[in-house]
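Okay, here's what each chain looks like letter by letter:
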Amino acid sequence: GVDVSQPTSKSAFECLVGKGYKFAVVRAFLSIGEVDTAAPATLTNAWAAGMEHVDVYLFPCYSCGDAKGQVSKMVSYLSEHHSKYGMIWLDVEGHWGSSTSENQAFFSDLLSGTRLHLKHAGVYSSQYQWSSIMGSYTGGSSAPLWYAHYDSNPSFSDFEAFGGWSHPAVKQYHGTTYLCSAGIDENWEP
């Protein structure tokens, strides 16, 4: 599978499907606290090209506050544009606060926000990012985990438990690359 953070055309997705990629995750919320206005068209293009499932990810803005409001803003925007998607992946990386307990509360509000909208949530993070931001917190472990480890190995053979997860759902195994006229990250799921 692939994840994208840029507008991606139907022809690019068709090329990716032709190369064996079966799912896509599209950025729908930016870390500056705004919706990604490219998401509706990119979602439509991914489905139209034959991706088997298409999800979105929310890159939250910790300093903006109002985690539930960020989820609502994204879900409302996608709904207004009649966007079809599966689950919402909550991105836990980058710039959060210095207090793990405050980070945990913010994350808990993100999860609650997805539930308020009756959306299924997953968590995107790496072992390093999760422990740096959340400490030993296990409050996200009921959600599926999409973890990042850039070892170019599409398997879970490298996975080490963290954050309460003993089994991941998806692995991002190769970071930013350019394929089929699209900027993508490569992901694997069994």
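Please refer to the structure placed before this passage.
Below: a short report on this structure. (Residues numbered from 1 in each chain as written. Predicted model: local features only at pLDDT ≥ 70, side-chain atom pairs only at ≥ 80, totals over all residues. Heavy atoms only, no water.)

Re the overall build of the protein chain
Phase 1 of the analysis: The helix and strand tally for the protein chain stands at 5 helices and 8 strands.
Phase 2 of the analysis: Counting helices and strands in the order they occur from the N terminus, the protein chain gives β-α-β-α-β-α-β-α-β-α-β-β-β.
Phase 3 of the analysis: For the protein chain, whose C-alpha radius of gyration is 16 Å, the value lies close to the compact-globule estimate of 16 Å for 190 residues.
Phase 4 of the analysis: If one aligns the C-alpha atoms of the protein chain with their principal axes, the spans along those axes are about 45 × 40 × 25 Å. (Helix = DSSP H or I, 4+ residues; strand = E, 2+ residues; numbered from the N terminus. Rg over C-alpha atoms; globule rule 2.2 N^0.38 Å.)

Examining the nonpolar core
Phase 1 of the analysis: Within the largest apolar cluster, 50 residues are counted, with the highest numbers of intra-cluster contacts made by Phe13, Met51, Met74, Trp96, Phe107 and Trp130.
Phase 2 of the analysis: In terms of residues, this core owes the most to one element, helix H3 (residues 67-80), which gives 6 residues.
Phase 3 of the analysis: With sequence-adjacent residues up to four places away left out, Phe107 is seen in contact with Leu90, Val92, Trp96, Val123, Trp130, Met134, Tyr137, Gly139 and Gly140.
Phase 4 of the analysis: If you look at the next biggest cluster of nonpolar residues, it comprises 9 residues, including Phe23, Met87, Tyr124 and Trp146. (Core = buried A, V, L, I, M, F, W, Y, C linked by side-chain atoms within 4.5 Å. Buried < 20%, exposed > 50% of the residue type's maximum accessible area, 1.4 Å probe, protein only. Contact = heavy atoms within 4.5 Å.)

Some thoughts on the pattern of salt bridges
Phase 1 of the analysis: Scanning the entire structure with this criterion turns up 5 salt bridges.
Phase 2 of the analysis: In this structure, the salt-bridge partner of Glu14 is Lys10, at a minimum N-O distance of 3.7 Å. A residue pair is termed a helical-turn pair when its members lie 3 or 4 positions apart in one helix, as Glu14 and Lys10 do in helix H1 (residues 10-18) at 4 residues.
Phase 3 of the analysis: A residue is classified by how much of its surface remains accessible, and Glu14, at 37% relative accessible area, is partly exposed.
Phase 4 of the analysis: As a salt-bridge pair, Asp36 and Arg27 come within 2.8 Å of each other at their nearest N and O atoms.
Phase 5 of the analysis: Residue Arg27 is classed as partly exposed on the basis of its relative accessible area, which comes to 22%.
Phase 6 of the analysis: Through salt bridges that share partners, Asp151, Asp158 and Lys171 make up one connected network. (Salt bridge = Lys/Arg side-chain N within 4 Å of Asp/Glu carboxyl O.)

Describing the pairing of strand E8 (residues 182-188)
Phase 1 of the analysis: In terms of burial, E8 is a largely internal element, 6 of the 7 residues being buried.
Phase 2 of the analysis: Bridge analysis of strand E7 (residues 170-179) against E8 gives 6 bridges, and the strand direction is antiparallel. The residue bridging His174 from the neighbouring strand is Glu186, located in E8.
Phase 3 of the analysis: The hairpin turn running from E7 into E8, its antiparallel successor, is 2 residues long, and Cys180 in that turn takes a positive phi close to 60 degrees. (Pairing = 2+ DSSP bridges.)

Looking at H3
Phase 1 of the analysis: Taking 1.5 Å as the rise per residue, H3 with 14 residues should run 20 Å; its terminal C-alpha atoms sit 20 Å apart, in good agreement.
Phase 2 of the analysis: Every buried residue belonging to H3 is among Ala67, Gln70, Val71, Met74, Val75, Tyr77 and Leu78, and all of these are buried. For H3, the buried positions fall inside an angular range of 160 degrees around the axis, keeping them on one side.
Phase 3 of the analysis: Those residues of H3 hidden inside the fold are in contact with strand E2 (23-29), helix H2 (39-48), strand E3 (53-58), strand E4 (88-91) and helix H4 (100-116).
Phase 4 of the analysis: Looking one or two residues past H3, His82 carries a phi angle of roughly 55 degrees, positive in sign. (Expected span 1.5 Å × (residues − 1). Arc of directions from axis to C-beta.)

Remarks on the sheet that holds E3
Phase 1 of the analysis: One closed barrel accounts for 8 strands, arranged E1-E2-E3-E4-E5-E6-E7-E8; its pairing is mixed. The mean inter-strand angle of the sheet, taken between neighbouring strand axes irrespective of direction, is 30 degrees.
Phase 2 of the analysis: Note that strand E1 (residues 2-4) and E8 share 2 bridges and pair antiparallel. Of the residues in E8, the one forming a bridge with Asp3 is Asp185. (Axes fitted to C-alpha atoms, helices over the stretch in contact; angles between N-to-C directions.)

Interpretation note: all reported values are geometric properties and have no functional meaning in isolation.
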